[in-house]
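# Per-entry structural report
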Amino acid sequence: MSNVPAASPLPRRDQIRREAARLFAARGFLGVGVDEIGKAVGISGPGLYRHFAGKDAMLADLLVGISERLLEEGRRRAGGGDGPAAALDALIGGHVEFALDDRDLITLHDRELLNLKDEDRRTVRRLQRGYVELWVDVVRQAYPPLAAPEAEPVARATVHAVFGLINSTPHSLGSNPGHGERTGLQRDGMAALLRTLTLGAFAAAAGSTDSTDSTDSTDSTDPAAAAPTAAVPTAAAPITEPDS
């Protein structure tokens, strides 16, 4: 039996991206050599240099590329013109698709962002901030209680928490050879669950601002009233880390 990888319909550069992401996610950026990536796509290690300057360039291409793609696709979905609720639903659908289809990239970002060169890391974070702001704007339009100036931190914290929820997919829905999916959920079931949980988080955040308003009006010295966002879970999402 031949050990040569089967021909792929993908362009060579995209084949390299796919295999580099898979190997980096499985073994770590520092644990994978150029020759191994070349073997996975059926070319010599030195042959990779016709497509990428080296491993650093591959990592930057993957992480900058997915941040660019998310922002571009997010803007397209949010600008659909069917109102804020439809825009939010489209954003959720797009991010869920990303989480289910590009699990290696989420894992890669979570583990390897610090291995990017400083300039590339700044580019990734700038793109991520744009993506977060897009979501915050749409969420505040879709949920009027979150549109108030004082509710902006709640909306932002909830967007980050939602990203953490959706981006946890690589850890909760991975292939378990011989035993199917670890959670027992198929792709469509997981997509539906993530959408329901996400909408529930935003509805809860909007409800928390309503209860905060009524609490503040009764006793502004109450310690519980001074922390209205405590009921909103926050999580550092793998694709939305703050600037260092």
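Up top is the structure.
Report on the accompanying structure. Bear in mind that the values here come from a model prediction, so they are computed numbers and not experimental data.

Parameters and conventions
- Residues numbered from 1 in each chain as written.
- Predicted model: local features only at pLDDT ≥ 70, side-chain atom pairs only at ≥ 80, totals over all residues.
- Heavy atoms only, no water.
- Helix = DSSP H or I, 4+ residues; strand = E, 2+ residues; numbered from the N terminus.
- Buried < 20%, exposed > 50% of the residue type's maximum accessible area, 1.4 Å probe, protein only.
- Contact = heavy atoms within 4.5 Å.
- Areas by Shrake-Rupley, 256 points an atom, 1.4 Å probe, with all protein chains shown as cover.
- Core = buried A, V, L, I, M, F, W, Y, C linked by side-chain atoms within 4.5 Å.
- Salt bridge = Lys/Arg side-chain N within 4 Å of Asp/Glu carboxyl O.
- Axes fitted to C-alpha atoms, helices over the stretch in contact; angles between N-to-C directions.
- Parallel < 35°, antiparallel > 145°, perpendicular 65-115°, else oblique.
- Left-handed = near helix turned anticlockwise from the far one by under 90°.
- Nonpolar A, V, L, I, M, F, W, Y, C, P; charged D, E, K, R; others polar.

A word on the overall build of the chain. A tally of helices and strands in the chain yields nine helices and zero strands. For the chain, buried positions account for 42% of its 244 residues. Contacts spanning at least 24 positions in sequence make up 72% of the contacts within the chain whose residues lie at least 6 apart. Summing over all exposed atoms, the chain offers an accessible surface of approximately 12700 Å²; the carbon and sulfur share of this is 53%.

Where a protein is soluble and globular, its nonpolar side chains tend to be buried together. Within the largest apolar cluster, 59 residues are counted, with the highest numbers of intra-cluster contacts made by Phe 24, Ile 37, Trp 135 and Leu 146. Those elements that provide at least two residues to this core are α1 (12–27), α2 (34–41), α3 (55–78), α4 (84–101), α5 (103–112), α6 (118–142), α7 (152–166) and α9 (187–218). With residues up to four places along the chain from it excluded, the contact list for Leu 146 reads Val 139, Arg 140, Ala 151, Glu 152, Val 154, Ala 155, Phe 202, Ala 205, Ala 206 and Thr 209.

Right, let's talk about the pattern of salt bridges for a bit. Following the criterion strictly, the structure yields 15 salt bridges and no others. Between Asp 102 and Arg 69 there is a salt bridge, and its shortest N-O distance comes to 2.6 Å. Linking Asp 102 in the loop between α4 and α5 with Arg 69 in helix α3, this pair joins segments that are 33 residues apart in sequence. Arg 195 is the partner of Asp 89 in a salt bridge, and the nearest nitrogen-oxygen pair spans 2.6 Å. Taken together, the positions of Asp 89 in helix α4 and Arg 195 in helix α9 put the pair 106 residues apart, joining distant regions of the chain. One network of salt bridges, in which partners are shared, links Arg 13, Asp 14, Arg 17 and Asp 61.

Looking now at the packing of α4 against α6. To describe two helices that pack against each other, one gives the angle between their axes and the distance between the axes. It is the contact of α4 with α6, at a shortest axis distance of 8 Å, that shows an interaxial angle of 140°. When the axes of α4 and α6 are compared, the pair comes out oblique. Both α4 and α6 take part in a crossing whose hand is left-handed. For the pair α4 and α6, the contacting residues are Pro 84, Ala 85, Ala 87, Leu 88, Leu 91, Ile 92 and His 95 in the first and Tyr 131, Leu 134, Trp 135, Val 138, Val 139, Gln 141 and Ala 142 in the second. When its residues are assigned to classes, the contact of α4 with α6 shows twelve nonpolar, two polar and no charged.

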